[in-house]
Amino acid sequence: MTGVPDQRAYPSAQAPAVRTTPSGTDHDLRALFGRSMAVFASMAGPAHMLETANPAFFAAIGGLERTRTGVPLGQLMPELAEQGFITLLDRVYRTAETYTGRDARVVLGEGANAREAFFDFTYEPRLDVGGNVIGVRMIGVETTQVKHAQRLTAEHRALLEQIARQAPLSEVLEGMARTIEDLTPEEVLVSVLLADSDGRHLRHGAAPSLPDFYNRAIDGIATGEGVGSCGTAAHRRRPVLVTDIATDPFWDDYRDLAERAGLAACWSTPILAGDGSLLGTFAMYHRVPRSPQEADLAVAQMFADTAALAIERYQAEQAYWAAEVREKAARDDLAFLLNASTTLSADLDAVHTLRRLADACTPRLAPLCAIDVIEGGRVHRVATTAVTRTQQDLLAAHTPVHDADDPISRVLASGVTEVARRAPTGSAPWQDLGVTGYLCVPLLDRGNAFGTVTLLSTGGHVFDGHTIALAEELVARAALAARNARQYTHRAALARDLQAGLLLPDLPRVPGAEVATYYHPAGEGLDIGGDFYDVFPLEGDRWAFMLGDVCGRGAIAATTTALVRHTARAVAPLVPGPEAVVKAVNQALINRPAGHGTGFVTLVYGELTPTPTGLDIELVRAGHTLPLHLDTHHTVRAVDAPGTLLGIGSELHLEPRSLHLQPHESLMLYTDGITEARRHDDELFGDERLADALTSTPDRPTPQQLINAVTQAASAFTADHGIDDDRAILVLTATEPG
């Protein structure tokens, strides 16, 4: 073809390079449609013989088969005549008047190869030196890209508005799929798959144009290398472009399925969250083998980012409502346990305690409840509750049979909860009661079952994991209350056994920490001391610890101690952090019946988490002695955490403190029986002597060495003066990682 001497006057305008990585929602939409080229052609004579044209002109009209000159334009492009463009050329040639068209629609090509395009163009006459018209020159710019960009922008804005107004996710995804299918010039079928929470499988999200059998077949496919386009893209976290399904190895296991669905190419883009986690995949299918253009990749990435917004919004909404449900359930459980604890502790009569337990179980935990205890080597039913009086009489009249088929016998023997979605076996009024399932929980005293609580389902009621856990916690509290009540009439046994029950029988092994404790009651040990400590696990790697002092001594102090410890154990997994736990303990103390004492409690409660560099600790002090931090330089520092006493009012002032124990650093909690130890002249042992005892230990002391140093110093100071108050110490020492 002949070159155009003044072609540089009509340069091509190239759009910025398209980014194929996620870039939020502020894409440059002009970049989605590649190059926007100026077209130029020069024609001669009344037949409009094409003399010369630039490459953009030939690219626009149809490619290589039309790249030729020396033929009339109407012959080269016969489709122009019926659309009126040849008539316009005739008019310009005849009248010598320039014609300008804006956003003119033209169909280029014929049959299956035809495409719709839009142009801004000008037909201007070519004149010789005498002013005679010798031809027509055409100058124009294809605006098809602009038209598509405008439509795409409008549709994209509509999708964003849907997301903003929290439209259902399925509606947003299907609308997005249909938008792309409608706006893409070539036939394309869009599919969105959603990742499972573990990111290992993909589930159907939206695919309005794919066959149902195909959507069902790929619903739940795994993410992994070579699992089609989508499974591989999800695994790699980057686009996978399969241009010919018939030959690509990624489709070996799905080639027959794709052939049945009439699919020949698939370009899949992963949908990623802001933190890079997998949300799903966005796929564009084609009926014929096809490679993507730059604009195709940009469209895919833009809509994958849009889908990410919709999915993240949906997940955030679901997480919010799930958290609301969990929080309400936790509040309800906490209130239930606190109220039940208060009721169970109303007096120290064992039978009354178990009857209150039965009342608390029905109907909150089950429609029917029966409580049995071992007395004199035999099983006796001591409490029953039911929705109707008839049901309660049937339960009360039933006597458990001591054999292997009876769940009560098995639970008494094993000390382990038993649950089943069927009625218990053996002769009993289960059919008359309409029993459909049972939950049998042991009442334990130091690991030995002295009774059982049997909850029975009727109708559609079933025991789920939440109900089982709540029942076990409630029964554990009731078992403690019943044990205290049963021992109340035996003062000597109460003093001996209950004191042991208020302390840990064996120290747990805490990862990343070494723990040691010390307890010495005042007097002869016939009364229950008020000092206590506890260490117990929480979720994950976290552990809770506490040390406190109950005002007073004896059974009342023991009941308060149990209330504090078990309230803390019950609420610690349910509420966020030490401050919330201590506030719950304070509320439980305020709710005590008058008969259970009104004395205050001092407490240090904290939670620790092992780290690669030691222990992270957060603690709260409620009117207790200041915890002491012994660092690796043998420097003792008091941990000043202001806080008011517990059990004297609902207004509670607490200031949590955080600290980090490096390996071989220690945190000591102690009761005032240490610092207020007196000698014959009434001088107190005091904080200074306590600190001196700690710094006198060898380098890298163990927790037991610290306790020995303190107790020996206190004993040497008081000499034969004796112990006026209970003494308790809890030491936590960070160990070397690993």
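Just above, that's the structure.
Residues numbered from 1 in each chain as written. Predicted model: local features only at pLDDT ≥ 70, side-chain atom pairs only at ≥ 80, totals over all residues. Heavy atoms only, no water.

Peer 1: Please explain the overall build of the protein chain as it appears in this structure.
Peer 2: Secondary structure summary: the protein chain contains 21 helices and 26 strands in total. Here the protein chain, with 738 residues, has 50% of them falling under the buried criterion. Carbon together with sulfur atoms contributes 51% to the accessible area of the protein chain, which is approximately 34,000 Å² in total. (Helix = DSSP H or I, 4+ residues; strand = E, 2+ residues; numbered from the N terminus. Buried < 20%, exposed > 50% of the residue type's maximum accessible area, 1.4 Å probe, protein only. Areas by Shrake-Rupley, 256 points an atom, 1.4 Å probe, with all protein chains shown as cover.)

Peer 1: Explain the nonpolar core to me, please; I cannot follow it from the model alone.
Peer 2: One recurring pattern in soluble globular proteins is that nonpolar side chains are buried together. Ranked by size, the top nonpolar core spans 33 residues in total, and within it Leu357, Ile371, Leu443, Val453, Leu455 and Leu474 carry the most contacts. Listing elements by their share of this core, those giving two or more residues are α10 (294-344), α11 (350-361), β12 (368-375), β13 (378-385), β15 (435-445), β16 (448-458) and α15 (465-487). Here this core gets 9 residues from one element, more than from any other, and that element is α15. Filtering out sequence-adjacent residues up to four positions away, Val453 remains in contact with Leu357, Cys361, Cys369, Ala370, Ile371, Leu439, Cys440, Val441, Leu443 and Val475. (Core = buried A, V, L, I, M, F, W, Y, C linked by side-chain atoms within 4.5 Å. Contact = heavy atoms within 4.5 Å.)

Peer 1: Quick question: what am I supposed to make of unusual backbone geometry here?
Peer 2: Working note: non-glycine residues mostly have negative phi, and peptide bonds are mostly trans. Residue Pro363 follows Thr362 across a cis peptide bond; omega there is 5°. Within the element layout of this structure, Pro363 appears in the loop between α11 and β12. In this structure, Ala96 is a non-glycine residue whose phi angle is positive, near 60°. Phi at His664 is positive, roughly 75°, even though this residue is not glycine. Locating His664 in the fold gives a position in the loop between β24 (657-661) and β25 (666-670).

Peer 1: Would you explain helix α21 (residues 703-718) in this entry?
Peer 2: Owing to its 3.6 residues per turn, the α-helix aligns residues three or four sequence positions apart on the same side. The first and last C-alpha atoms of α21 sit 23 Å apart over 16 residues, in line with the 22 Å expected at 1.5 Å per residue. If you check which residues of α21 are buried, you get Pro703, Leu706, Ile707, Ala709, Val710, Thr711, Ala714, Phe717 and Thr718. Of the surrounding elements, those touching the buried residues of α21 are β17 (513-520), β22 (628-630), β25, α19 (672-675), α20 (686-695) and β26 (727-734). The first or second residue beyond α21 is Ala719, which carries a positive phi of 55°. (Expected span 1.5 Å × (residues − 1).)

Peer 1: I would appreciate a short explanation of the environment of Ala476 in the present structure.
Peer 2: Mapping Ala476 onto the fold places it in helix α15. In sequence terms Ala476 and Val441 are 35 residues apart; their C-alpha atoms lie 9.1 Å from each other.

Peer 1: How should I be thinking about the packing of α20 against α21 in this particular structure?
Peer 2: What describes two packed helices is the angle between their axes and the distance between those same axes. Their axes nearest at 8 Å, the elements α20 and α21 cross at an angle of 135°. In terms of axis orientation, α20 runs oblique to α21. The way α20 lies across α21 gives a crossing that is right-handed. Together, Arg689, Leu690, Ala693 and Leu694 of α20 and Leu706, Ala709, Val710, Ala713 and Phe717 of α21 make up the contact between the two elements. Class assignment of the residues belonging to the contact of α20 with α21 gives a composition of 8 nonpolar, no polar and 1 charged. (Axes fitted to C-alpha atoms, helices over the stretch in contact; angles between N-to-C directions. Parallel < 35°, antiparallel > 145°, perpendicular 65-115°, else oblique. Left-handed = near helix turned anticlockwise from the far one by under 90°. Nonpolar A, V, L, I, M, F, W, Y, C, P; charged D, E, K, R; others polar.)

Peer 1: Just checking my understanding: could you explain the sheet that holds β22 for this structure?
Peer 2: Backbone hydrogen bonds are what pair the strands of a sheet, in a parallel or an antiparallel way. The 5 strands lie next to each other as β17-β26-β25-β22-β23, forming an open sheet whose pairing is antiparallel. In this open sheet, the two edge strands, each paired with only one partner strand, are β17 and β23 (636-638). Averaged over all neighbouring strand pairs, the angle between strand axes comes to 20°, with direction disregarded. Relative to β26, β17 runs antiparallel, the two sharing 8 bridges. (Pairing = 2+ DSSP bridges.)

Peer 1: Would you mind going over the pairing of strand β7 (residues 201-206) with me for this structure?
Peer 2: Consecutive side chains of a regular strand alternate in pointing toward one face of the sheet and then the other. Here strand β6 (residues 189-195) pairs with β7 via 4 bridges, running antiparallel. For Leu193, the partnering residue across the bridge sits in β7 and is His204.

Peer 1: Would you explain the sheet that holds β6 in this entry?
Peer 2: Spatially, β8-β7-β6-β11-β10-β9 is the arrangement adopted by the 6 strands of the open sheet, whose pairing is antiparallel. Only two strands of the sheet have a single neighbouring strand rather than two, namely β8 (221-222) and β9 (240-242). In the sheet, β9 pairs with strand β10 (residues 265-272) via 3 bridges, with the strands oriented antiparallel. Within β10, the position partnered with Val242 by the bridge is Cys266.

Peer 1: Whenever I open this one, the pattern of salt bridges confuses me. Can you help?
Peer 2: Side chains that differ in sign of charge can pair as their charged atoms come close. One pass over the full model with this rule turns up 25 salt bridges. Between Asp534 and Arg565 there is a salt bridge whose closest N-O contact spans 3.1 Å. Here Asp534 is found in strand β18 (residues 531-537), whereas its partner Arg565 is found in helix α17 (residues 554-571), with 31 residues between them in sequence. One salt bridge in this structure joins Arg679 and Glu683, with 2.5 Å as the shortest N-O distance. (Salt bridge = Lys/Arg side-chain N within 4 Å of Asp/Glu carboxyl O.)

Peer 1: What is the right way to look at empty space enclosed by the protein in this model?
Peer 2: With a probe scaled to a water molecule rolled over the atoms, the places where space remains empty come into view. The tally for this structure, following the rule as stated, stands at 6 cavities of 30 Å³ or more. Roughly 260 Å³ of volume is contained in the largest cavity. Phe57, Leu80, Phe119, Tyr123 and Met138 are the residues nearest the centre of the largest cavity, which is lined by 18 residues in total. Its residues placed into classes, the lining of the largest cavity shows 18 nonpolar, no polar and no charged. Counted as a void, the second largest cavity has a volume near 180 Å³. Taken together, 15 residues form the lining of the second largest cavity, with Ser341, Ser345, Arg477, Leu480 and Ala481 sitting closest to its centre. Counting residues per element, the ones that place at least two in the lining of the second largest cavity are α10, α15 and α17. Tallying contributions element by element places α17 first for the lining of the second largest cavity, with 5 residues. (1 Å grid on protein atoms, 1.4 Å probe; cavity = no way out; pocket = protein on both sides within 12 Å on 5 of 7 lines; lining within 4 Å. Points joined across faces, edges and corners; volume = space filled by probe spheres on them.)

Peer 1: How do you make sense of the packing of helix α6 (residues 169-183) against α10 when you look at a structure like this?
Peer 2: Relative to each other, α6 and α10 sit at 170°, their axes nearing to 10 Å. When the interaxial angle is binned, α6 and α10 end up roughly antiparallel. On α10, the residues touching Leu169, Val172, Leu173, Met176, Thr179 and Ile180 of α6 are Val299, Phe303, Ala307, Ala310, Ile311, Arg313 and Tyr314. Taken together, the residues that form the contact of α6 with α10 break down as 11 nonpolar, 1 polar and 1 charged.

Peer 1: Can you help me understand the side chain of Gln391 in this one?
Peer 2: Position of Gln391 among the secondary structure elements: in helix α12 (residues 389-397). By relative accessible area, which is 19% here, Gln391 ends up buried. Apart from residues no more than four positions distant in its own chain, Gln391 is found in contact with Leu368, Ala386 and Leu433.

Such coordinate-based values are descriptive only and should not be taken to indicate function.
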